[in-house]
Amino acid sequence: MRKQIAAANWKMNKTFQDGKELLETIVNGIGNLSSDQQVIFAVPFPYLMESNKSINNKPNVFISAQNCHHKTAGAFTGEVSVDMLDSIGIKYCVVGHSERREYFHESNAELAEKVNLCLSKSITPIFCCGEPLNIREEGIQNSFVEKQLNDSLFHLDAEAVQKVVIAYEPIWAIGTGKTATSDQAQEMHAHLRTVLAQKFGKQVADHVSILYGGSVKGANAKEIFSQPDVDGGLVGGASLISAEFLQIISALK
Ligand code: 13P
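Predicted model only: the values in this text are computed from it and were never measured. Per-chain numbering applies: the sequence of each chain, read as written, is numbered from 1 onward. Per-residue local features are limited, in this predicted model, to residues with pLDDT of at least 70; the limit for side-chain atom pairs, both in listing and counting, is 80 or more; totals at the level of whole chains, interfaces and linings are taken over all residues. To get the side-chain values, take all heavy atoms of the structure and skip hydrogens and water.

A.B. asks: Would you mind showing me how to read the environment of Thr 176 here?
C.D. replies: Mapped onto the fold, Thr 176 is located in the loop between strand E6 (165-168) and helix H9 (182-200). In this structure, the C-alpha to C-alpha distance between Thr 176 and Gly 237, residues 61 residues apart in sequence, is 9.9 Å. N or O atoms within 3.5 Å of each other form a polar contact, as long as, within protein, one can give a hydrogen and the other can take it, and as long as residues adjacent in sequence are counted only when both atoms are side-chain atoms. In this structure the side chain of Thr 176 is engaged in a polar contact, spanning 3.4 Å, whose partner is the backbone oxygen of Ala 173. Secondary structure elements follow DSSP: runs of H or I of four or more residues count as helices, runs of E of two or more count as strands, with numbering from the N terminus.

A.B. asks: What is the right way to read H9 from this model?
C.D. replies: For an α-helix, the turn length of 3.6 residues means that residues three or four places apart are oriented alike. An expected span of 1.5 Å times one less than the residue number is assigned to each helix. The end-to-end C-alpha distance of H9, which contains 19 residues, comes to 26 Å, matching closely the 27 Å that a straight helix rising 1.5 Å per residue would cover. Accessible area is worked out with a 1.4 Å probe on protein chains only. A residue is then buried under 20% of its type maximum, exposed over 50%, and partly exposed in between. Looking at H9, one finds that the buried residues are Ser 182, Ala 185, Gln 186, Met 188, His 189, His 191, Leu 192, Arg 193, Val 195, Leu 196 and Phe 200. Of the residues one or two after H9, Gly 201 is the one with positive phi, at around 100°.

A.B. asks: Even after reading the chapter, I still don't get unusual backbone geometry, so can you show me in this structure?
C.D. replies: Note: most peptide bonds trans; most residues except glycine with negative phi. Even without being a glycine, Asn 56 presents a positive backbone phi close to 55°. Relative to the assigned elements, Asn 56 resides in the loop between helix H2 (48-54) and strand E3 (61-65). Phi at Asn 60 is positive, roughly 65°, even though this residue is not glycine. The residue Asn 60 is located in the loop between H2 and E3 in this model.

A.B. asks: Explain the packing of helix H1 (residues 16-29) against helix H12 (residues 242-250) here, please?
C.D. replies: To describe two helices that pack against each other, one gives the angle between their axes and the distance between the axes. Axis definition: a line fitted to C-alpha atoms, over the contacting stretch in the case of helices. Angles run 0 to 180 degrees between N-to-C directions. Two elements in contact, H1 and H12, have axes whose closest approach is 10 Å; the angle formed by their N-to-C orientations is 35°. The way H1 lies across H12 gives a crossing that is right-handed. For the pair H1 and H12, contact is made by Leu 22, Thr 25, Ile 26 and Gly 29 and by Ser 242, Phe 245, Leu 246 and Ile 249, respectively. When grouped by side-chain class, the residues that make up the contact of H1 with H12 number five nonpolar, three polar and no charged. Two helices cross in a left-handed way if the nearer one is turned anticlockwise from the farther one by less than a right angle. They cross in a right-handed way if the turn is clockwise. By definition, residues are in contact when any of their heavy atoms lie within 4.5 Å. Under the scheme applied here, ten amino acids are nonpolar (Ala, Val, Leu, Ile, Met, Phe, Trp, Tyr, Cys and Pro), four are charged (Asp, Glu, Lys and Arg), and all others, including Gly, are polar.

A.B. asks: Looking at this structure, how should I read the pattern of salt bridges?
C.D. replies: A side chain with one charge can pair with a side chain of the opposite charge if their charged atoms come near. A carboxyl oxygen of Asp or Glu within 4 Å of a side-chain nitrogen of Lys or Arg is what we treat as a salt bridge. Overall, the coordinates contain 14 salt bridges when judged by the stated rule. Where Arg 2 meets Asp 231, a salt bridge forms, and the shortest distance between an N and an O atom there is 2.9 Å. Taken together, the residues Arg 2 in the segment before strand E1 (4-9) and Asp 231 in the loop between helix H11 (218-225) and strand E8 (232-235) connect sequence positions 229 residues apart. Residue Arg 2 is classed as buried on the basis of its relative accessible area, which comes to 15%. In this structure, the salt-bridge partner of Arg 193 is Asp 229, at a minimum N-O distance of 2.5 Å. Pair noted here: Arg 193 is in helix H9 and Asp 229 is in the loop between H11 and E8, with a separation of 36 residues, a long-range link. The exposure class of Arg 193 is buried, given its relative accessible area of 6%. A relative accessible area of 14% means that Asp 229 is categorised as buried.

What follows is the structure, encoded as structure tokens:
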């Protein structure tokens, strides 16, 4: 079975002290996870090391970076490399979040480089994709998202692509309270799995976890996650509230 994943994306929220308390409350509240379930916390860079310590090797719980640079090292003031993440034992990294694509002009080609660098260090990229509202209104969201995968993931071979987690996050649903319906999520996830199957074969496609992101809450997680091609969620706002995120974790298949 594919991994079922509840991933928190804290974005640029919480002080270190508040984040530590939140992380501890949630980790202490997680019941037994099955071997197919994972909980991931994408925390701000300065909290990575301490967060990794505080989860204390709890099975199936991981800390993720929210970004990395697309070059290995050098004169890039303020940036963080994949080698740096690897050197402190980080195993996941969010790549290509729509906020980074929009505010930091990250291109599909740069994101392909980030994916390659992550995989070269056995860091799992949580690769984000998703369409803006105007594309959805035009009804061309499938080809739009397919191109994002094509340009940043489809240079990989079948073995490598299976190591990527995909997060479909329609931009119009992020932080807006306007969740995609479970049917809309399922439709896109099924499309992405079909595209993966065409390119890499069905066995590979069946292996890749595809998370949904965009206004996931405790109250709607169960319905969204119950869709056959939805393998959990990447959660922003609701991941900052312990009771909400615990409810989301308990909604995993
Ligand atoms: P919200 O859950 O706040 O809509 O954010 C989703 C997101 O961007 C997760 O990466």
